[in-house]
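Okay, here's what each chain looks like letter by letter:
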Amino acid sequence: MTDAPPAPGTRGRVGALVAGVRPRQWSKNLLVLGAPLMAGRLDERDVLVNSLVAVVAYCLGASGVYLVNDALDVEADRRHPVKRLRPVASGDLGVRTAIACGAVLQVLAVGAALVSGLPLAAVVASYLVISLAYSLFLKHEPVLDIAVVASGFLLRAVAGGVASGIPLSQWFLLCASFGSLFMAAGKRYAEAHLDLAGSGRTRQSLVRYTTSYLRFVWTMSAGLLIIVYSLWAFEIDDEPGGSTLTVISIAPFVLAVLRYALAIDARTAGEPEDIALTDRVLQVLAATWLVTAAGAVYWGR
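We now turn to the structure provided with this report. Keep in mind the model is a prediction, meaning the values are calculated, not measured. (Residues numbered from 1 in each chain as written. Predicted model: local features only at pLDDT ≥ 70, side-chain atom pairs only at ≥ 80, totals over all residues. Heavy atoms only, no water.)

### Digging into the overall build of the chain
Then comes step 1: Each helix and strand counted, the chain has 14 helices and zero strands in total.
Then comes step 2: Listed N to C, the secondary structure of the chain is α-α-α-α-α-α-α-α-α-α-α-α-α-α in terms of helices and strands.
Then comes step 3: Across the 301 residues in the chain, those meeting the buried criterion constitute 51%.
Then comes step 4: As displayed, the chain offers around 13800 Å² of accessible surface, 69% of which is attributable to carbon and sulfur atoms. (Helix = DSSP H or I, 4+ residues; strand = E, 2+ residues; numbered from the N terminus. Buried < 20%, exposed > 50% of the residue type's maximum accessible area, 1.4 Å probe, protein only. Areas by Shrake-Rupley, 256 points an atom, 1.4 Å probe, with all protein chains shown as cover.)

### Looking at the nonpolar core
Then comes step 1: Residues Tyr58, Leu120, Val124, Phe182 and Tyr229 are the most contacted members of the largest nonpolar core, which totals 69 residues.
Then comes step 2: A total of ten residues in this core trace back to one element, the largest contributor, which is helix H10 (residues 211-238).
Then comes step 3: Contacts of Tyr229, omitting those with residues within four sequence positions, involve Cys175, Ser249, Ile250, Phe253, Trp289 and Ala293.
Then comes step 4: Among the nonpolar cores identified, the runner-up in size contains nine residues, and Ala71, Val74, Val88 and Leu93 belong to it. (Core = buried A, V, L, I, M, F, W, Y, C linked by side-chain atoms within 4.5 Å. Contact = heavy atoms within 4.5 Å.)

### Some remarks on the environment of Gly61
Then comes step 1: With respect to the helices and strands, the residue Gly61 is situated in helix H3 (residues 45-72).
Then comes step 2: Distance in space between the C-alpha atoms of Gly61 and Leu108 is 7.6 Å, their sequence separation being 47 residues.
Then comes step 3: In this structure, Gly61 is in contact with Leu105, Gln106, Ala109, Tyr127 and Leu128, ignoring residues within four places of it in sequence.

### A closer look at a nonpolar patch on the surface
Then comes step 1: The grouping of Val143, Tyr213, Phe216, Met220, Leu224, Ile227 and Leu231 at the surface amounts to a nonpolar patch, some 610 Å² of accessible area in total.
Then comes step 2: Following the sequence through the fold, Leu224 ends up in helix H10.
Then comes step 3: Given a relative accessible area of 30%, Leu224 falls into the partly exposed group. (Patch = residues over 30% accessible without salt bridge, like charges linked within 9 Å, V, L, I, M, F, W, Y side chains within 5 Å. Salt bridge = Lys/Arg side-chain N within 4 Å of Asp/Glu carboxyl O.)

Dropping the structure here:
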């Protein structure tokens, strides 16, 4: 699956711009709701409004990042078997237009975040600055490129708590960190195999990666993610008012991680949102985990 249409040259300027902002990838911004949901406060009006403001801010900011990144990567994308179909690489959207629209969207993102307050605006601005640094030079540095991709997922998770003034526990931050690293390393693993398949060098940093190293990173991250989540679940179960649902939630959580790892191993995890939106088994496991984990949090209030 890809955000790009099947063939270039068939879109108008508006259609090309819509494809360029990649609305399909907005699903990643639902990570913003993680902190208020697991804190048992998403049903509070102010928390819900601030969380939705953060989601909107990230949709605007991420789309702006995509446009600028595509403009800077236009020559490399034209050599990629899939990315060559993106609006800028295909010529349907001009480089200058992409940069201008991307800059406007990023300014709007910070402005939207200010509706919630300066803390959220600072988180969104940090995400945009890190993303720009990634587009310009960090994507060429092994290890750092994975860390930056992972930080994009992590900052989304942090934004939900910051927007609503919810303190983030050490367990939440650890789970978000290792989960982000797991997905980022899996993404690079898929790209590395695409290179080995003879599709052309897609990223300069991949020259210094081996598939065994990337497998080590995502395997290690998955293991730590499961351990940290399990420790959190047992700690919550032992607290006054705790529910055994948290311990039960470990089962669907582990199975969901293993299911996603299956996609990584099959080298189809290049776009995490595609897996999340198309893998029905993963969706069922995620829904089961959500019901048990969130149910335990709200039950124990």
